[in-house]
Amino acid sequence: MGGFGEQLREARAAKGLGIAEVAGRLKLRPAMVEALEGEAWEQLPEPALARGYLRNYALVLGLDPKPLLALCPGATPPGPKPQEAREESTIRVRVLRPAL
């Protein structure tokens, strides 16, 4: 299979959906849907929003968004999650007793 744009276009066509219909479901302009299918990052908003649009588009089509997001420019390859640094600390509390 090709890039994520081609996969989106093929899945949309297989479901018999037009660009305007998908845009309506996603609450996006048709130009945004066309930019996603054309992988035209220069026509899309900032990368975080564009990835969100791509994720939602995949979900509307019933596709798993993870493999498509991995094809995005700047996507990091899936790998093990970094382990959280565990640092134990001791907190000392001094309890003051009221004078009687």
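One can find the structure itself at the top, above this paragraph.
All chains use their own residue numbering, which begins from 1 and follows the written sequence. Reporting of local features is limited, given that this is a predicted model, to residues whose pLDDT is at least 70; pairs of side-chain atoms are given and counted only at 80 or more, and all residues count toward the totals for whole chains, interfaces and linings. Heavy atoms throughout the structure, all of them, feed into the side-chain values; hydrogens and water do not.

A. Fine view of the overall build of the protein chain. Per the convention used, a helix needs a DSSP run of H or I reaching at least four residues, while a strand needs a run of E reaching at least two, with both numbered from the N terminus. A tally of regular secondary structure across the protein chain gives five helices and zero strands. Ordering the α and β elements of the protein chain from the N terminus gives α-α-α-α-α. Counting over 100 residues, the protein chain shows a buried share of 27%. Pairs at least 24 apart in sequence give 52% of the contacts found in the protein chain among residues at least 6 apart. Carbon and sulfur atoms form 53% of the exposed surface of the protein chain, whose accessible area is close to 7,800 Å². Here's how the labels work: a residue is buried when its accessible area is under 20% of the maximum for its type, exposed when over 50%, partly exposed in between, all with a 1.4 Å probe on protein chains only. Only heavy atoms enter the contact rule, under which two residues are in contact if any of them lie within 4.5 Å. Using a 1.4 Å probe, accessible areas were evaluated by the Shrake-Rupley method; residue-level cover was limited to the displayed protein chains.

B. Inspection of the nonpolar core at higher detail. Buried Ala, Val, Leu, Ile, Met, Phe, Trp, Tyr and Cys residues that are joined via side-chain atoms within 4.5 Å together make up what is termed a nonpolar core. Ranked by size, the top nonpolar core spans 22 residues in total, and within it Leu8, Leu54 and Tyr57 carry the most contacts. Contributions of two or more residues to this core are made by helix 1 (4-14), helix 2 (19-26), helix 3 (30-37), helix 4 (47-60) and helix 5 (65-70). Here Leu54 is in contact with Phe4, Leu8, Leu36, Leu68, Leu69 and Cys72, once residues within four sequence places are set aside.

C. Geometry of the packing of aromatic side chains. Planes of paired rings set the category: under 30 degrees apart is stacked, over 60 is edge-to-face and the rest tilted, where pairs are Phe, Tyr or Trp rings (Trp by its six-membered ring) whose centres lie within 6.5 Å. This model, assessed by the stated rule, comprises one aromatic pair. Relative to Trp41, the ring of Phe4 has its centre 5.9 Å away and its plane inclined at 65°; by these criteria the two rings are edge-to-face. Taken together, the positions of Phe4 in helix 1 and Trp41 in the loop between helix 3 and helix 4 put the pair 37 residues apart, joining distant regions of the chain. We classify Phe4 as buried; its relative accessible area is 1%.

D. Up close: the packing of helix 3 against helix 4. Put simply, helix 3 and helix 4 touch, their axes get as near as 11 Å, and they point 90° apart. Between helix 3 and helix 4, the angle falls in the class roughly perpendicular. Mapping the contact onto sequence places Met32, Val33, Leu36 and Glu37 in helix 3 and Ala50, Tyr53, Leu54 and Tyr57 in helix 4. Polar here means any residue other than Ala, Val, Leu, Ile, Met, Phe, Trp, Tyr, Cys and Pro, which are nonpolar, and Asp, Glu, Lys and Arg, which are charged; Gly is therefore polar. Its residues assigned to classes, the contact of helix 3 with helix 4 comprises seven nonpolar, no polar and one charged. Only the stretch in contact is used when a helix axis is fitted, and all axes are lines through C-alpha atoms; the angle between N-to-C directions ranges over 0 to 180 degrees. Should an angle fall under 35 degrees it is called roughly parallel, over 145 degrees roughly antiparallel, and 65 to 115 degrees roughly perpendicular, with every other angle called oblique.

E. Local environment of the pattern of salt bridges. By definition here, a salt bridge exists when the distance from a side-chain nitrogen of Lys or Arg to a carboxyl oxygen of Asp or Glu is within 4 Å. The final tally for this structure, using the stated rule, is two salt bridges. With a shortest N-O distance of 2.6 Å, Arg12 and Glu37 are connected by a salt bridge. Taken together, the residues Arg12 in helix 1 and Glu37 in helix 3 connect sequence positions 25 residues apart. Here Arg12 falls in the buried class, since its relative accessible area comes to 11%. Note that Glu21 is salt-bridged to Arg25, the shortest N-O span being 3.2 Å. Separated by four residues within a single helix, Glu21 and Arg25 lie in helix 2, roughly one turn from each other. On the basis of relative accessibility, which here comes to 48%, the residue Arg25 falls in the partly exposed class.

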